[in-house]
Amino acid sequence: MITHVVLLKLKQGVAADSAAARAAHVAMSELPAKVPQIRTWQCGFNTTPDVCGWDYVLVSGFDSREALEAYFVHPEHLKVVALWEPISDLAFADLDG
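These numbers were taken from a predicted model, which means no experiment stands behind them. (Residues numbered from 1 in each chain as written. Predicted model: local features only at pLDDT ≥ 70, side-chain atom pairs only at ≥ 80, totals over all residues. Heavy atoms only, no water.)

A. Here's a closer look at the pattern of salt bridges. What the rule picks out here adds up to 6 salt bridges. Notably, a salt bridge pairs Arg 65 with Asp 94, separated by 3.7 Å at the nearest N-O pair. Separated by 29 residues along the polypeptide, Arg 65 in helix H2 (residues 65-73) and Asp 94 in strand E4 (residues 88-96) bring together distant segments of the chain. Using a relative accessible area of 29% as the deciding quantity, one classes Arg 65 as partly exposed. Salt-bridge contacts for Asp 96 lead to Arg 65; the nearest nitrogen and oxygen are separated by 2.8 Å. Linking Asp 96 in strand E4 with Arg 65 in helix H2, this pair joins segments that are 31 residues apart in sequence. Within the structure, one salt-bridge network assembled from shared partners comprises Glu 30, Lys 34, Glu 76 and Lys 79. (Salt bridge = Lys/Arg side-chain N within 4 Å of Asp/Glu carboxyl O. Helix = DSSP H or I, 4+ residues; strand = E, 2+ residues; numbered from the N terminus. Buried < 20%, exposed > 50% of the residue type's maximum accessible area, 1.4 Å probe, protein only.)

Okay, structure coming up:
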């Protein structure tokens, strides 16, 4: 199992309740129904207000490295990336095992 963790920090002037952020969240939430490689999926806005915290988190699971790599290039995933790119900065990490 590969655990894929993504953290997003909204860009200055973009609020979590903005139309763009809400649309990106809805699209992110719908990905498990569209990408068969996804095994586990939890995403949403950070609920702990702190200046050091990131604004949005995704924790997902994939059966293998190959499944994760297929997800990275999946057209539905790329559509969601295109929604987040103009409104946020991204960090991610993957854990094997």
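B. Main features of the pairing of strand E3 (residues 56-62). For E3, a buried count of 5 out of 7 residues is recorded, marking the element as mostly surrounded by other parts of the structure. Taken together, the 7 bridges between strand E1 (residues 2-10) and E3 define a ladder with antiparallel strand orientation. If you follow Thr 3 over to E3, its bridge partner there is Gly 61. By the bridge criterion, 7 bridges tie strand E2 (residues 38-45) to E3 in an arrangement that is antiparallel. Paired with Gly 44 across the two strands is Val 57, which belongs to E3. (Pairing = 2+ DSSP bridges.)

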